[in-house]
Amino acid sequence: MGKTTIALIGPGAIGATVAAWLAQSPDLALTLCVRTPLDRLEIEAPGGLIMAQPEMLTDPAEARPVDWVLVCTKAYDVAGAAAWLARLVGPETRVAVLQNGVEHVARFAPYLPVERILPAVVDISAERSAPGRVLQRMNGNILVPAGADGEAFAALFGHTPIEARTTADFTTALFRKLTVNCAGGICGIVNKPNGVARDPAIAELMLALAEECVAVGRAEGAKLADDLAASVVRGYQTTAPDSINSLHADRMAGRPMEIDARHGVIVRLGEKHNIPTPMNRLAVALLTASQ
Ligand SMILES: NC(=O)c1ccc[n+]([C@@H]2O[C@H](COP(=O)([O-])OP(=O)(O)OC[C@H]3O[C@@H](n4cnc5c(N)ncnc54)[C@H](OP(=O)(O)O)[C@@H]3O)[C@@H](O)[C@H]2O)c1
């Protein structure tokens, strides 16, 4: 049997980490689809440095259909990713979307048949210091919906320390992660690493953001524990104080931030379910004004 072909669009913090690990397998043929060229991938992983030099394309016109596409751009870079999809997707191609937020499928539905799209919740903490250079703070995990595509996606990671697995309740996984992400919006607002959660006044704001997300998530069918919001805040208080979430990394780098995918969506779903979301509304306003 030939190698499974994978094209990964957007080797940033998450994309470079995932790509470097996948590149370690002799059974996978990996191509990077990049916007900014890079010489190689160097990931400072929890177990030590890993390196890879996969094939790299900079122009969608050079791309050919593959078995799997992994989209690892930011949620706001969908149009740029779609230019690649037009060339990478053949009749058998499956497209995994490794992004935050809860609207993975809706985001790509204008470009692909929805049954080809596999949404993925990524819980890996990764920070990019230069093109292709990433600090991977934990091995982490990736959750995808149960089913044949989910199983096939998880199998791609069989040789890596990243735990990729399926879940029968993907809605709950989506909103658990959104709860973590919306609390972390505070770091983008005050422009400080995750350790700012140790300030009790900041922790209170994080809790209020997270509680709104829990309420909205439950209205959408997620089964979220009563202590989820509090445990999310505790997570920020106990993580490495200098760690930086991806929205804050965007602010520091002067890039757009995933404001809509991480806060705007909570406001919109709150309106749909008649649930007040003043804290996430405030986060949208403050983050938007800080751009
Ligand atoms: N970082 C984390 O710890 C983390 C954890 C969990 C989930 N996430 C989520 O994972 C997703 C990716 O986040 P990230 O932190 O990895 O972002 P990132 O570091 O900004 O990486 C995004 C990558 O996409 C590339 N890109 C943008 N447009 C492109 C195009 N048209 N063609 C090819 N490449 C393109 C960017 O290129 P340039 O090099 O030119 O900028 C960059 O390399 C986000 O939804 C984020 O919320 C992140």
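Conventions and cut-offs
Residues numbered from 1 in each chain as written. Predicted model: local features only at pLDDT ≥ 70, side-chain atom pairs only at ≥ 80, totals over all residues. Heavy atoms only, no water. Pairing = 2+ DSSP bridges. Helix = DSSP H or I, 4+ residues; strand = E, 2+ residues; numbered from the N terminus. Right-handed = clockwise from strand over helix to strand, strands pointing away. Core = buried A, V, L, I, M, F, W, Y, C linked by side-chain atoms within 4.5 Å. Buried < 20%, exposed > 50% of the residue type's maximum accessible area, 1.4 Å probe, protein only. Near = heavy atom within 4 Å. Polar contact = N/O pair within 3.5 Å; in protein donor to acceptor, adjacent residues only side chain to side chain. Areas by Shrake-Rupley, 256 points an atom, 1.4 Å probe, with all protein chains shown as cover. Nonpolar A, V, L, I, M, F, W, Y, C, P; charged D, E, K, R; others polar.

**Regarding the pairing of strand β1 (residues 4–9)**
For β1 and strand β2 (residues 28–33), the ladder comprises 6 bridges, and the chain directions are parallel. Bridge pairing links L8 to L32 in β2. Crossover β1 to β2 through helix α1 (residues 13–22) is right-handed. Where β1 and strand β6 (residues 68–71) come together, 4 bridges link them in parallel fashion. When the bridges of β6 are listed, I6 appears paired with W68.

**Notes on the nonpolar core**
In a soluble, globular protein the nonpolar side chains are often hidden away together inside. One finds L70, L98, I142, F153 and F157 to be the most contacted residues of the largest nonpolar core, which totals 38 residues. Residue contributions to this core peak at 7 residues, all from α1. Counting 35 residues, the second-largest nonpolar core is a separate cluster that includes F170, C182, I202 and V216.

**Focus: the site of the ligand**
Among the 27 residues in the neighbourhood of the ligand, the closest are listed as I14, T36, K74, N100 and E258. A13 has a polar backbone atom sitting 2.9 Å from an oxygen atom of the ligand. Alone, the ligand offers 890 Å² of accessible surface; in the complex the protein occludes 92% of this. Breaking the shell around the ligand down by element, the ones donating at least two residues are α1, α2 (78–88) and β9 (126–130). Of the residues in the shell around the ligand, the class split is 11 nonpolar, 9 polar and 7 charged.

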